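# Analysis of the macromolecular model
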Amino acid sequence: MGSAQANGRVAARQPDDPLPLLHPVPHGDGDTEKIAAIRHHFARIMEVLGLDLTDESLRETPQRVAKMFVNEVFSGLDDRNFPSITTFPNTYGYGEMLVERNISLHTFCEHHFLPIIGKVHVAYFPGEKVIGLSKLNHIVKHFARRPQVQERLTVQIAEGLQRVLGTEDVAVYVEADHLCVAARGVEDTKSSTVTNYYGGKFREPPERRGFLEAVGQS
Ligand SMILES: [Zn+2]
């Protein structure tokens, strides 16, 4: 018994056996270990579904999914992957609202692991510091690369921006389609979900209105 486990292979299971839920997988929290563990467990899921893992087309799927989870779509679970952000002193004295519109959003619903696809508008009033515009996109992408619910994603983007920019004056507007609503369950392909966050000056009606007008939502 021990030998089959020791070399990482799983012994053939008899039909009446309860599903073995725990398999030996490498310990540790390094990316290599995570990929190996996910590959192992995802292969089991595919087997349970009756998929033939010897099939040419499916053989590499567990490894492909594991690498995609760890290195791409869920890389934002690791805080070390937060984008490096250089801030610049606001030497030009720009004090009006800066709006970045239509930032692409791709994330995954944490309840069904199905895609959430949409767009994000963010805005801030520069204080002492400003950042490169593309960094706004990178911050959105970082928090999107986690299993998410849209409400929490919205708050995380806002708080991430506030931290980096050193100001409370941040607004975030998220509009997204949830495939778990469109492709299953109620199968509603028309509805979308809107969430928003208003910090600091954006709590005042005129500033909030200015933001919503700028992003075409007034
Ligand atoms: Zn869902």
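Residues numbered from 1 in each chain as written. Predicted model: local features only at pLDDT ≥ 70, side-chain atom pairs only at ≥ 80, totals over all residues.

## Structural notes on the overall build of the protein
Rule in force here: Secondary structure is summarised from DSSP: a helix means a run of H or I of at least four residues, a strand means a run of E of at least two, and numbering begins at the N terminus for each. Residue pairs are scored as contacts if the distance between their C-beta atoms, which are placed from the backbone, is within 7 Å.
Scanning the protein from N- to C-terminus turns up 7 helices and 7 strands. Counting helices and strands in the order they occur from the N terminus, the protein gives α-α-α-β-β-β-β-α-β-α-β-α-β-α. By sequence separation, contacts in the protein at least 24 residues apart represent 64% of the contacts at least 6 residues apart.

## Comments concerning the sheet that holds strand β5 (residues 147-148)
For clarity, the cut-off: Strand pairing is assigned whenever DSSP detects at least two bridges linking the two strands. Only the stretch in contact is used when a helix axis is fitted, and all axes are lines through C-alpha atoms; the angle between N-to-C directions ranges over 0 to 180 degrees.
Judged by pairing direction, the sheet is mixed, and its 5 strands sit side by side in the order β5-β2-β3-β6-β7 without closing on themselves. In this open sheet, the two edge strands, each paired with only one partner strand, are β5 and β7 (193-198). Together, β2 (98-109), β3 (115-124) and β5 form the strand contacts of helix α4 (residues 133-144), whose direction differs from that of β2 by roughly 20°.

## So, unusual backbone geometry
Which entries qualify depends on this criterion: Exposure classification rests on a simple neighbour count of other C-beta atoms within 10 Å of a residue's own: a residue reaching 20 or more is buried, one at 12 or fewer is exposed, and one in between is partly exposed. C-beta atoms are placed from the backbone.
Residues other than glycine seldom take positive phi values, yet N102 does so here, at roughly 60°. Positionally, N102 belongs in strand β2. Phi is positive for E187, close to 50°, though the residue is something other than glycine. Looking at where E187 falls in the secondary structure, it is placed in the loop between α6 (179-182) and β7. By the C-beta count within 10 Å, which is 8 here, E187 ends up exposed.

## Considerations on the packing of α4 against helix α5 (residues 150-165)
Just so we agree on the cut-off: By the definition adopted for this analysis, an angle is roughly parallel if under 35 degrees, roughly antiparallel if over 145, roughly perpendicular if from 65 to 115, and oblique otherwise. Note: crossing handedness is left-handed where the near helix turns anticlockwise from the far helix by less than a right angle, and right-handed where it turns clockwise. Each residue gets one of three labels, nonpolar for Ala, Val, Leu, Ile, Met, Phe, Trp, Tyr, Cys and Pro, charged for Asp, Glu, Lys and Arg, and polar for the others, Gly among them.
α5 packs onto α4 with a crossing angle of 135° between their chain directions and a minimal axis gap of 9 Å. Taken as axis vectors, α4 and α5 run oblique relative to one another. Between α4 and α5 lies a crossing whose hand is right-handed. Contacts from I139, V140, F143 and A144 of α4 reach α5 at L153, Q156, I157, G160, L161 and V164. Each residue belonging to the contact of α4 with α5 can be placed in one class, and the counts come to 8 nonpolar, 2 polar and no charged.

## Examining the nonpolar core
For soluble globular proteins, the rule of thumb is that nonpolar side chains tend to be buried together. This is how the line gets drawn: When buried Ala, Val, Leu, Ile, Met, Phe, Trp, Tyr and Cys residues are joined through C-beta atoms within 7 Å, the set is termed a nonpolar core.
Core analysis: the biggest nonpolar cluster contains 30 residues, and V120, V122, V140, I157, L161, A171 and V172 have the highest contact counts within it. Contacts of V140, omitting those with residues within four sequence positions, involve I103, L105, V120 and I157. Membership of the second largest hydrophobic core comes to 5 residues, among which are I35, I38, A66 and F69.

## Here we look at α4
In plain terms, the rule: Multiplying 1.5 Å by the residue count of a helix minus one yields the expected span of that helix. The arc in question is traced by the directions running from the helix axis to the C-beta atoms.
Between its terminal C-alpha atoms α4 stretches 18 Å, which fits the 16 Å expected from 12 residues at 1.5 Å a residue. When α4 is considered as a whole, its buried residues turn out to be L136, I139, V140, F143 and A144. For α4, the angular spread of the buried residues around the axis is 135°, confining them to a single face. Summarising the contacts, the buried residues of α4 are in contact with β2, β3, β5 and α5.

## Some words on helix α2 (residues 31-48)
The end-to-end C-alpha separation of α2 is 26 Å, in line with the 26 Å expected for 18 residues at 1.5 Å each. Those residues of α2 that fall on the buried side of the exposure criterion are K34, I35, I38, R39 and A43. Projected down its long axis, α2 shows its buried positions confined to an angular sector of 160°, all on one face. For α2, the secondary structure elements touched by its buried residues are α3 (61-73). Where α2 terminates, the next one or two residues include G50, which has phi positive at roughly 90°.

## Concerning the environment of I85
Note that I85 resides in the loop between α3 and β1 (87-89). Exposure remark for I85: the 17 C-beta atoms within 10 Å place this residue in the partly exposed category. Taking the C-alpha atoms as reference points, I85 and I131, 46 residues apart in sequence, are found 7.4 Å from one another. Ignoring sequence-local partners within four residues, the contact set of I85 consists of I131, K135 and V164.

## Details of the packing of α2 against α3
Close contact between α2 and α3 brings their axes to 8 Å; oriented N to C, the two are set at 135°. Of the possible angle classes, the one that applies to α2 and α3 is oblique. Relative to α3, α2 is oriented so that their crossing is right-handed. Along the contact surface, α2 presents D31, K34, I35, I38, R39, F42, A43 and M46, while α3 presents T61, P62, Q63, V65, A66, K67, F69 and V70. Split by residue class, the contact of α2 with α3 holds 10 nonpolar, 2 polar and 4 charged.

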